[in-house]
Amino acid sequence: MSGETKKKLRVTTSSLAGCFGCHMSLLDIDERLVELLEHIELDASPLTDKKHVGPCDLGLVEGGLCNAENVRVLRELRKSCKILVALGACAVNGGLPAQRNHLDIRDCLQTVYLTGLGVHRGFIPNDPELPLPLAQVHPLHDVVKIDYFLPGCPPSADAIWQLLTDLIAGRTPQLGHGLIRYD
Amino acid sequence: MNDDRPRFTLDDQEVAFTPGQTILEAALAAGTYVPTLCHHPEFAPHGSCKVCTVRVNGRTQSSCTTPAHPGDVVELHSEELDDLRKSLVQLLFTEGNHFCPSCEQSGNCQLQAVGYELGVVSGHFNPLFPTRPVDASHPDVLLDLNRCILCELCVRASAQVDRKSVFALSGRGITKHLVVNAESGRLGDTDLAVEDKAMSVCPVGVILRKRRGFRVPIGERKYDRRPISEVALDEAEGERR
Ligand code: SF4
Ligand code: SF4
């Protein structure tokens, strides 16, 4: 099979304003991980702990954009990846974090850190190392071009497998009924 | 069976119809699914969502409001029409706040199911994230306007069947929104009752019965099991029997 001599795809994965559920769902492809590793090698990813991304064929991005650091990382990923995939509900439309979008960010911070139930002598964290939150949470395609979207909270392991095998084979991902899900 | 009814052409297919039927009705009866959101067989066609748009002899028309004519050439699926239909659905997603993972209607929702059917995987447009209220003032009903697609099915059901006119649309263009018939503007001050027809027609997750949202688990709901293209054809056949 020509696949055996083919160069492995270099893949990076990242979690921005997400919960790592999409990464868990990726691991949930179970024993197919062994087959996957015959076709890909991982660059920067929470799974490798390599921090800075090199040139990659494919980037899988979980989570939307809730702070300035998310935007910086996403732009870096866009520069480094030939194909960029928005993985999961939050990357696709902001998801759960975006449900704060109709609230004022100052009110949010005050409620969480100052006036909320059970908060004693709270303060709003302002360490310069902390990235500044954005006024609203954005999906990835608000900021960079996204090549493929895989919705779902999280997308099922089968949907992720279908997407990956299609991309590895050089095809446009085809997800039928049951694999495209928004919940 | 010798079917000597008049016919029109729908893509590559000859469709026989009963005079008076719309293109959408005739297509469904002939076993061809036409995506739609504002259509309901028990109500007069509304023609507002435009998802059922077809080309009739070269002109774009809503198939739910256009009567079938003998000899018509109707285009339902072409790259252009399929793309337009997809864009309409994506606009509905991005104009409202649709977070399916936390919506009680997920799996029973027609907007979602039509999205699946058309292969919609993202909102495509930049989301609007509008600020819309949730009204929990009614003892048995929750009204979550974040998801309203302005199909007016609840308006029609409440006026025509329940004879209560609990719902109406107000405003124009992007400010158009659903209102309820109470001076306070609160659903709890209307005479809506859970038995009303208006309770059962919303294609999305706006008018929700309290305390039963998750009685059927996610994953086992109507459109989780089968695509809307199959469900709609079965329902159309059920109505003809
Ligand atoms: S109404 Fe439908 S599309 Fe909107 S959030 Fe609920 S399930 Fe999703
Ligand atoms: S509440 Fe539901 S039925 Fe009424 S207009 Fe909105 S989407 Fe349509």
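An account of the accompanying structure is given in this report. (Residues numbered from 1 in each chain as written. Chains lettered and ligands numbered in written order. Predicted model: local features only at pLDDT ≥ 70, side-chain atom pairs only at ≥ 80, totals over all residues. Heavy atoms only, no water.)

1. Brief notes about the nonpolar core
The test is simple: Nonpolar cores are built from buried Ala, Val, Leu, Ile, Met, Phe, Trp, Tyr and Cys residues. Side-chain atoms within 4.5 Å join them into one set. Residue exposure (1.4 Å probe, protein chains only): buried if accessible area is under 20% of the type maximum, exposed if over 50%, otherwise partly exposed. Where each domain begins and ends is defined by an automated method or by a domain database.
Ranked by internal contacts, the top residues of the largest apolar core, which has 68 residues, are L111, L143, F167, L178 and I207 of chain B. When residues of this core are sorted by domain, at least three fall in each of domain 1 (1-104 + 217-241) and domain 2 (131-210) of chain B. Residues L77, L84, V92 and L140 of chain A belong to the second largest nonpolar core, which totals 19 residues.

2. Looking at the pairing of strand β3 (residues 53-56) of chain B
Residues and elements named next belong to chain B. Stated precisely, the cut-off is as follows: Secondary structure elements follow DSSP: runs of H or I no shorter than four residues count as helices, runs of E no shorter than two count as strands, and numbering proceeds from the N terminus. Two strands form a pair only when DSSP identifies at least two bridges running between them.
Side chains of β3 alternate between two faces, with T53 and R55 and V54 and V56 buried alike. Pairing geometry for β3 and strand β4 (residues 59-62), over four bridges, is antiparallel. For V54, the partnering residue across the bridge sits in β4 and is Q61. In this antiparallel pair of consecutive strands, β3 and β4, the connection spans two residues, and N57 shows a positive phi of 45 degrees.

3. Quick word on the pairing of strand β1 (residues 7-10) of chain B
Residue and element names in this part refer to chain B. With burial as the criterion, only one face of β1 is covered, namely that bearing F8 and L10; the residues R7 and T9 on the opposite face remain uncovered. Sheet topology note: the β1/strand β2 (residues 13-16) ladder contains four bridges and is antiparallel. Bridging from a neighbouring strand, F8 pairs with V15 of β2. Between β1 and β2, which pair antiparallel and follow one another directly, the connecting turn spans two residues, one of which, D11, has a positive phi of 50 degrees. Pairing analysis gives two bridges linking β1 to strand β5 (residues 73-75), with the strands arranged parallel. Across the sheet, the residue bridging to L10 is V74, located in β5.

4. Concerning a nonpolar patch on the surface
Using the following cut-off: Each patch is assembled from residues with relative accessible area greater than 30% and no salt bridge, linking like charges that lie within 9 Å and nonpolar side chains (Val, Leu, Ile, Met, Phe, Trp, Tyr) that lie within 5 Å. The protein chains shown are the only cover counted for residues, whose accessible areas, like all others here, come from Shrake-Rupley with a 1.4 Å probe. The term salt bridge refers to a pairing of a side-chain nitrogen on Lys or Arg with a carboxyl oxygen on Asp or Glu at a separation within 4 Å.
There is a patch of nonpolar side chains on the surface, built from V112, Y113, L114, F123 and I124 of chain A and spanning about 450 Å² of accessible area. Note on placement: Y113 of chain A falls in helix α5 (residues 105-115).

5. Quick look at the packing of aromatic side chains
How two aromatic rings sit relative to each other is given by the distance of their centres and the angle of their planes. Here is the rule we go by: Stacked, edge-to-face and tilted are the three classes for Phe, Tyr and Trp ring pairs, Trp counted by its six-membered ring, which pair at centre distances within 6.5 Å; planes under 30 degrees apart are stacked, over 60 edge-to-face, the rest tilted.
Here the structure, examined in full by the defined rule, presents three aromatic pairs over all chains. Here Y182 of chain A and F93 of chain B contribute two aromatic rings whose centre-to-centre distance is 5.5 Å and whose plane-to-plane angle is 85 degrees, an arrangement assigned as edge-to-face. Pair noted here: Y182 of chain A is in the segment after α6 (157-168) and F93 of chain B is in helix α2 (residues 79-95), and the two residues belong to different chains. Here Y182 of chain A matches F93 of chain B in class, with each residue buried.

These figures capture arrangement, not role.
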